[in-house]
Amino acid sequence: DTLVVTFLDYHKFFDSFDPRFYARMLTDMGVHKAFADLFLDINTNARRRIKIGNTYGRELDVYNGIGQGDPKSLFIALIYVTVQFRMLDDKHPGVNKGAVVDDRNLRCDPMSMGKALESTFDFDDAAGHLTNPKKWGFTGTNKEAKKWCLKYEFNGEKPKVHDRHV
């Protein structure tokens, strides 16, 4: 089979979440209101410090974004990617998908991949997220797939192609 595998990474994924929107989404999806309120409070009223080595920086007030590494934030990230994958299932049923937090991969034939990527980028854009163009890449199962990978471009960006030998 001629398959293309795309590796996608978000640009500042956890910094791009609007906690007010996602707290409301949680309650709309049936998550207990106390959890949604806790999530909102932690991500709008808490103060954060950045730790580098053994040193903590000054306190930062937060307005947008959610705490990376916080299990509640991982829950929100899982919901986001799940909703995105359901959209892809609906629009592009032949696309296989996988994700680990903010790293996603799509696997399918070259013709389907271009359309699936457009839908993915449109979804991300509407939700306030961007794919990091410096950290996405392709590979293919054979020469035909790899040639497609070398030609693909989105908004003037060409992804890295792993195993360029065609």
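Scroll up a little and you will see the structure.
Parameters and conventions
All residue numbers refer to position in the chain's written sequence, counted from 1. In keeping with the predicted nature of the model, local features appear solely for residues at pLDDT of at least 70, side-chain atom pairs appear and are counted solely at 80 or more, and the whole-chain, interface and lining totals rest on all residues. With hydrogens and water stripped out, all remaining heavy atoms of the structure feed into the side-chain values. By the criteria applied, helices consist of DSSP H or I runs no shorter than four residues and strands consist of E runs no shorter than two, each listed in order from the N terminus. Buried residues are those whose accessible area, probed at 1.4 Å on protein chains only, stays under 20% of the maximum for their type, while exposed residues exceed 50% and partly exposed ones sit between those limits. Two residues qualify as a contact provided that any one of their heavy atoms is within 4.5 Å of a heavy atom in the partner residue. To define a nonpolar core, start from buried Ala, Val, Leu, Ile, Met, Phe, Trp, Tyr and Cys residues and group those joined through side-chain atoms within 4.5 Å. Only the contacting stretch of a helix is used when fitting its axis, a line to C-alpha atoms as for every element, and angles between N-to-C directions run 0 to 180 degrees. Orientation labels follow simple angle bins: below 35 degrees gives roughly parallel, above 145 gives roughly antiparallel, 65 to 115 gives roughly perpendicular, and whatever is left gives oblique. Handedness of a crossing follows from how the near helix is turned relative to the far one, being left-handed for an anticlockwise turn of less than a right angle and right-handed for a clockwise one. Gly counts as polar in this scheme, as do all residues outside two lists: the nonpolar Ala, Val, Leu, Ile, Met, Phe, Trp, Tyr, Cys and Pro, and the charged Asp, Glu, Lys and Arg. Should a side-chain nitrogen of Lys or Arg be within 4 Å of a carboxyl oxygen of Asp or Glu, the pair is scored as a salt bridge.

## Section: the environment of Phe121
Part 1 of the argument: With respect to the element layout, Phe121 can be found in helix α4 (residues 110-126).
Part 2 of the argument: Using a relative accessible area of 10% as the deciding quantity, one classes Phe121 as buried.
Part 3 of the argument: For the pair Phe121 and Thr131, spaced 10 residues apart in the sequence, the C-alpha separation amounts to 7.3 Å.
Part 4 of the argument: Among all residues touching Phe121, those that are not within four sequence positions of it are Leu8, Thr131, Trp136, Tyr152 and Phe154.

## Quick notes on the nonpolar core
Part 1 of the argument: In terms of nonpolar packing, the biggest core is built from 35 residues, with Met113, Leu117 and Phe138 touching the most fellow members.
Part 2 of the argument: Of all the secondary-structure elements, those providing two or more residues to this core are β1 (4-11), α1 (19-28), α2 (33-44), α3 (71-91), β7 (103-108), α4 and α5 (143-151).
Part 3 of the argument: The greatest single-element share of this core, amounting to eight residues, is contributed by α3.

## Remarks on the packing of α3 against α4
Part 1 of the argument: Taken N-terminus to C-terminus, the directions of α3 and α4 make an angle of 140°; their axes are 10 Å apart at the nearest point. As the angle between them shows, α3 and α4 are arranged oblique. For the crossing formed where α3 meets α4, the hand is right-handed. The segment α3 lies against α4, with Tyr80, Val83, Gln84, Met87, Leu88 and Lys91 engaging Ala116, Ser119, Thr120, Phe123 and Asp124.

## Describing unusual backbone geometry
Part 1 of the argument: A positive phi angle, near 50°, is found at Lys12, a position not held by glycine.
Part 2 of the argument: Along the polypeptide, Lys12 turns up in the loop between β1 and α1.
Part 3 of the argument: Relative accessible area serves as the criterion here: at 51%, Lys12 is assigned to the exposed category.
Part 4 of the argument: Its identity as a non-glycine residue notwithstanding, Val101 has a phi of 55°, on the positive side.
Part 5 of the argument: Residue placement: Val101 occurs in the loop between β6 (96-100) and β7.
Part 6 of the argument: Of the residues examined, Val101 reaches a relative accessible area of 38% and is grouped as partly exposed.

## Here we look at the packing of α2 against α3
Part 1 of the argument: Two numbers describe how α2 lies on α3: the axes approach to 11 Å, and their chain directions differ by 110°. As the angle between them shows, α2 and α3 are arranged roughly perpendicular. In this structure, α2 crosses over α3, and the sense of that crossing is left-handed. When α2 is examined against α3, the residues Phe35, Leu38, Phe39, Ile42 and Asn43 are found in contact with a partner set consisting of Lys72, Ser73, Phe75 and Ile76.
Part 2 of the argument: In terms of residue class, the contact of α2 with α3 is built from six nonpolar, two polar and one charged.

## What to know about the pattern of salt bridges
Part 1 of the argument: The final tally for this structure, using the stated rule, is eight salt bridges.
Part 2 of the argument: Arg24 is paired through a salt bridge with Asp28; the nearest N and O atoms lie 3.2 Å apart. One end of the pair is Arg24 and the other is Asp28, both in helix α1 and four residues apart, which spans about a single turn.
Part 3 of the argument: According to the relative accessible area criterion, Asp28 is exposed, its value standing at 55%.
Part 4 of the argument: Between Lys72 and Asp70 there is a salt bridge whose closest N-O contact spans 3.0 Å. For the pair formed by Lys72 and Asp70, the shared burial category is buried.

Structural measurements only, silent on function.
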